[in-house]
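Observations on chain architecture
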Amino acid sequence: ENANNGGFPQLAVHMTKCAQVCVIQNFAHSLLQSSNNVQDNLDAITTAFDRSKHADDLVFYCVDFGKPKIAEFVKDKRWKQSTKDRVGDQEDWKTTAASGGSEV
């Protein structure tokens, strides 16, 4: 939800020691339309990399791997379940994570 969640600032500092860091921002389309989260995330990363010798090697990609399974998207039918003929949107990863389970 923002660059300060999940210990990200500390992770970003550790990433500055790595060459060729690739950051992938999921849900890019909806985030770019609704908030400054993508810019905030990019700013947090570039700030951490300001003094890094690898600053010029940082790559930031914006992607969309399906919509998140949230009540709003399910209710208005924007979220689609996978079928044998079609790759669907993302599963409910928050519930999966909260239950201690994980899927690959």
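**Considering a nonpolar patch on the surface**
A grouping of I24, V59, Y61 and F65 is seen on the molecular surface, where their side chains present a nonpolar patch of about 410 Å² in accessible area. Here F65 is to be found in the loop between β2 (59–62) and α4 (71–75). F65 gets classed as exposed once you look at its relative accessible area, which sits at 56%.

**Observations concerning the pattern of salt bridges**
Under the definition given, this model contains two salt bridges. As a salt-bridge pair, R78 and E72 come within 2.7 Å of each other at their nearest N and O atoms. Here D76 ties to R78 by a salt bridge, and the two come within 2.8 Å at their closest N and O atoms. Exposure remark for R78: the relative accessible area of 34% places this residue in the partly exposed category. Here the salt bridges do not stand alone but share partners, grouping E72, D76 and R78 into one network.

**Considering the nonpolar core**
If you look at the biggest cluster of nonpolar residues, it comprises eight residues: F8, A12, M15, V21, V23, I45, F49 and L58. Secondary structure elements with two or more residues in this core: α1 (8–15) and α3 (37–49). For this core, the element with the highest residue contribution is α1, accounting for three residues. Every residue in contact with V21, bar those within four places of it in the chain, is listed here: M15, F49, D57, L58 and V59.

**Topic: a positive patch on the surface**
A cluster of like positive charges, contributed by K67, K77, K80 and R86, occupies part of the molecular surface. Its place among the elements puts K80 in the loop between α4 and α5 (93–98).

Parameters and conventions
Residues numbered from 1 in each chain as written. Predicted model: local features only at pLDDT ≥ 70, side-chain atom pairs only at ≥ 80, totals over all residues. Heavy atoms only, no water. Patch = residues over 30% accessible without salt bridge, like charges linked within 9 Å, V, L, I, M, F, W, Y side chains within 5 Å. Areas by Shrake-Rupley, 256 points an atom, 1.4 Å probe, with all protein chains shown as cover. Salt bridge = Lys/Arg side-chain N within 4 Å of Asp/Glu carboxyl O. Helix = DSSP H or I, 4+ residues; strand = E, 2+ residues; numbered from the N terminus. Buried < 20%, exposed > 50% of the residue type's maximum accessible area, 1.4 Å probe, protein only. Core = buried A, V, L, I, M, F, W, Y, C linked by side-chain atoms within 4.5 Å. Contact = heavy atoms within 4.5 Å. Lys, Arg positive; Asp, Glu negative; His and termini not counted. Charge placed at Lys NZ, Arg CZ, Asp CG, Glu CD.

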